[in-house]
Amino acid sequence: MAEVPVARAAVSMEEAPVLPSLREVIAMTLPARHRHGSLTERGSPRSEMTTDFEDIFERMNRFLESAGLSRSLSETMAWAPLADMSETDDAYLIECELPGAKRDDIDVEITEHELAITGEITEREREGVLRRRGRPVGRFEYRALLPTDVRADEVQAALSDGVLKVTIPKAKAAKPRHIEIQG
């Protein structure tokens, strides 16, 4: 068998085509946005990223509303408040953070296996321009699965200093008892 010569081309790094990075491609396709103010006025990069997400969220809202497909996303979506659930020998305790919530705007319900805390926190009136929002407003919903052995008729809830405390007593467990066999 005869060997077939193979032609090899030597390409230097300077001659090789350079492909743009993903970041460069995105920068080429999106319009430039410039934020005014110093770094301290703009906040951290994380808050800048949050602002970008809020901007995208708002644009999507306007698009869906213009198409007649949906109400505002912020109207249809509920946020979940921070909450802790602990257990004692006698009860389950749920502490749910609801800063600015009024007692009449909160609803607590227990079904067979679930606790639901729902409601709405309305935005308060302010003077001046709101520069940054750190607390959510609008509809909220917290749900937690419960064991079946609770006394739903003895549940208590109290709102104090923006924290809703719900106490759910445990049902008494059936004590084993000895049964005599007759016959």
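Residues numbered from 1 in each chain as written. Predicted model: local features only at pLDDT ≥ 70, side-chain atom pairs only at ≥ 80, totals over all residues. Heavy atoms only, no water.

(A) Molecular detail of the sheet that holds strand 3 (residues 106-110). Reading across the sheet, the three strands line up as 3-4-5 and stay open at both edges, with antiparallel pairing between neighbours. Both outer strands of the open sheet, strand 3 and strand 5 (138-145), are each paired with one neighbouring strand and no more. Going from strand to strand, the sheet's axes swing by 10° on average, the running direction of each strand aside. (Pairing = 2+ DSSP bridges. Helix = DSSP H or I, 4+ residues; strand = E, 2+ residues; numbered from the N terminus. Axes fitted to C-alpha atoms, helices over the stretch in contact; angles between N-to-C directions.)

(B) Examining the sheet that holds strand 2 (residues 91-97) more closely. Overall, antiparallel pairing links the four strands, which are arranged 1-2-7-6 in an open sheet. In this open sheet, the two strands that pair with only one neighbour each are strand 1 (83-87) and strand 6 (156-160). Sheet twist, expressed as the average angle between the axes of neighbouring strands with direction ignored, equals 15°. Relative to strand 7 (residues 163-169), strand 6 is paired through five bridges, and the arrangement is antiparallel. Across the sheet, Ala-157 pairs through a bridge with Val-166, a residue of strand 7.

(C) A look at the confidence of the model for the chain. Per-residue pLDDT for the chain averages 76, and the proportion of residues at 70 or more is 66%. Long-range and interchain partners of residues 38-42, a stretch whose pLDDT sits below 50, account for six contacts in this model, where long-range means more than four residues apart. (pLDDT = per-residue confidence, 0-100. Contact = heavy atoms within 4.5 Å.)

(D) Structural detail: the pairing of strand 7. Examined bridge by bridge, strand 2 and strand 7 share seven bridges and lie antiparallel to one another. Paired with Glu-97 across the bridge in strand 7 is Val-163. Joining the antiparallel neighbours strand 6 and strand 7 is a turn of two residues, in which Asp-161 adopts a positive phi near 55°.

(E) Representation of the pattern of salt bridges in the model. Tallying each qualifying case throughout the model produces five salt bridges. Across the pair Arg-151 and Glu-154 runs a salt bridge, and its minimum N-O distance is 3.0 Å. A relative accessible area of 23% places Arg-151 in the partly exposed class. A single salt-bridge network, built from bridges that share partners, covers Glu-114, Glu-141 and Arg-143. (Salt bridge = Lys/Arg side-chain N within 4 Å of Asp/Glu carboxyl O. Buried < 20%, exposed > 50% of the residue type's maximum accessible area, 1.4 Å probe, protein only.)

(F) Broad picture of the packing of aromatic side chains. Overall, the coordinates contain one aromatic pair when judged by the stated rule. Centre to centre, the rings of Trp-79 and Phe-140 are 5.5 Å apart; their planes meet at 50°, and the pair counts as tilted. With Trp-79 in the loop between helix 4 (73-76) and strand 1 and Phe-140 in strand 5, this pair connects stretches of sequence that are 61 residues apart. As far as burial versus exposure is concerned, Trp-79 and Phe-140 are alike and both buried. Here Lys-170 stacks its cationic end above the ring of Tyr-92, 5.1 Å away from the centre of that ring. (Phe/Tyr/Trp six-rings, centres within 6.5 Å; stacked < 30°, edge-to-face > 60°. Lys NZ or Arg CZ within 6 Å of the ring centre and 35° of its normal.)

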